[in-house]
Amino acid sequence: MAASITPSLRSALERLKHAGSVNGLLLCWRRQILINLLPFEEFRAERLLQSLHDARAHFGSGGDRDVKTFWFGYEGVFVLALFQGECLLITLHTHASEVDFLRRAGLTFLEDTQLLVDALLQPSPDDEISRVETQPLSDLDNGGHPPQSSGLTKVIPRHG
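Residues numbered from 1 in each chain as written. Predicted model: local features only at pLDDT ≥ 70, side-chain atom pairs only at ≥ 80, totals over all residues. Heavy atoms only, no water.

Considering the packing of aromatic side chains
Item 1. Applying the stated criterion across every chain, the model contains five aromatic pairs.
Item 2. Their ring planes at 10° and their centres at 5.7 Å tell us that Phe-70 and Phe-72 sit as a pair that is stacked.
Item 3. Taken together, the aromatic side chains of Phe-59, Phe-70, Phe-72, Tyr-74 and Phe-83 make up a single cluster linked through ring pairs. (Phe/Tyr/Trp six-rings, centres within 6.5 Å; stacked < 30°, edge-to-face > 60°.)

Now the structure itself:
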């Protein structure tokens, strides 16, 4: 799945990386890395991912709370972790004053990401089913209006 999602999200993630003082980004789905733009090796990114999921489970108090955001400060760098659905976005940045902006931008990005992941996991019905559920526009009566409509409103009723 990561191979089919990566090309469509990589450019958006690259633009997010150039917002503010961002040093690196990591996009994950469940416990799988989708895109790694962190300035260090893959195994370190994997360890960071696992640590954040473990911290979320720990601070979630066994299901009583749903932790959606972590923000850690280290010497010279901050880590912002945003959970949205089954996706996780980890952002490394250097200015603490930008955390609110990065949080809002990250949550917007994750909403779009979750929509894409959901669309790939649960594809919409194929065209044949869609054609059965709607009435084609070619079934208009003499006045240019669909059957069972009155006036200028274009109502396309379903076949029963």
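Some details on the confidence of the model for the protein
Item 1. With 68% of its residues at a pLDDT of at least 70, the protein reaches an overall mean of 77.
Item 2. Looking across the protein, the model is least confident in helix H4 (residues 127-133), with a mean pLDDT of 48, and most confident in strand S4 (residues 77-84), with 94. (pLDDT = per-residue confidence, 0-100. Helix = DSSP H or I, 4+ residues; strand = E, 2+ residues; numbered from the N terminus.)

Considerations on the nonpolar core
Item 1. With 20 residues, the main nonpolar core has Leu-13, Leu-25, Leu-27, Ile-35, Leu-89 and Phe-109 as its most contacted residues.
Item 2. Among the secondary structure elements, those contributing two or more residues to this core are helix H1 (2-17), strand S1 (22-29), strand S2 (32-36), S4, strand S5 (87-93) and helix H3 (99-121).
Item 3. Not counting chain neighbours up to four residues away, the residues in contact with Leu-13 comprise Leu-25, Leu-27, Ile-35, Leu-37, Leu-89 and Phe-109.
Item 4. Counting 17 residues, the second-largest nonpolar core is a separate cluster that includes Leu-26, Cys-28, Leu-52 and Leu-88. (Core = buried A, V, L, I, M, F, W, Y, C linked by side-chain atoms within 4.5 Å. Buried < 20%, exposed > 50% of the residue type's maximum accessible area, 1.4 Å probe, protein only. Contact = heavy atoms within 4.5 Å.)

Comments concerning the pattern of salt bridges
Item 1. Applying the stated criterion to the full structure yields four salt bridges.
Item 2. Of the charged contacts in the structure, one is a salt bridge between Asp-54 and Arg-31, with a shortest N-O distance of 3.5 Å. Residue Asp-54 is found in helix H2 (residues 42-59), and its partner Arg-31 is found in the loop between S1 and S2; the two are separated by 23 residues along the sequence.
Item 3. For Asp-54, a relative accessible area of 46% translates into the label partly exposed.
Item 4. Assessed through its relative accessible area of 40%, Arg-31 is described here as partly exposed.
Item 5. Note that Arg-44 is salt-bridged to Glu-41, the shortest N-O span being 3.0 Å.
Item 6. In this structure Glu-41 comes out as partly exposed when scored by relative accessible area, which is 43%. (Salt bridge = Lys/Arg side-chain N within 4 Å of Asp/Glu carboxyl O.)

Structural notes on H2
Item 1. With 18 residues, H2 should cover 26 Å at 1.5 Å per step; its first-to-last C-alpha distance of 26 Å lies within 8% of that length.
Item 2. Elements that come into contact with the buried residues of H2 comprise S1, S2, strand S3 (69-74), S4 and S5.
Item 3. Where H2 ends, the next residue or the one after it, Ser-61, has phi of about 55°, a positive value. (Expected span 1.5 Å × (residues − 1).)

Observations concerning the state of the cysteines
Linking two cysteines covalently through their sulfur atoms gives a disulfide.
Item 1. Taken as a whole and assessed by the stated rule, the structure comprises zero disulfides.
Item 2. For Cys-28, which is in no disulfide, the shortest distance to another cysteine sulfur is to Cys-87 and amounts to 9.0 Å.
Item 3. The buried category is assigned to Cys-28, whose relative accessible area is 0%.
Item 4. For Cys-87, a relative accessible area of 1% translates into the label buried. (Disulfide = S-S within 2.5 Å.)

Focus on the environment of Leu-34
Item 1. As for its placement among the helices and strands, Leu-34 is situated in strand S2.
Item 2. The exposure class of Leu-34 is buried, given its relative accessible area of 8%.
Item 3. Remark: the alpha-carbon pair of Leu-34 and Leu-88, spanning 54 residues in sequence, is separated by 9.9 Å.

A short note on the environment of Phe-83
Item 1. Its location among the elements puts Phe-83 in strand S4.
Item 2. Between the C-alpha atoms of Phe-83 and Phe-70, which are 13 residues apart in sequence, the distance is 8.8 Å.
Item 3. For Phe-83, the residues in contact, after removing those within four places along its chain, are Leu-52, His-53, Arg-56, Val-67, Lys-68, Phe-70 and Leu-88.

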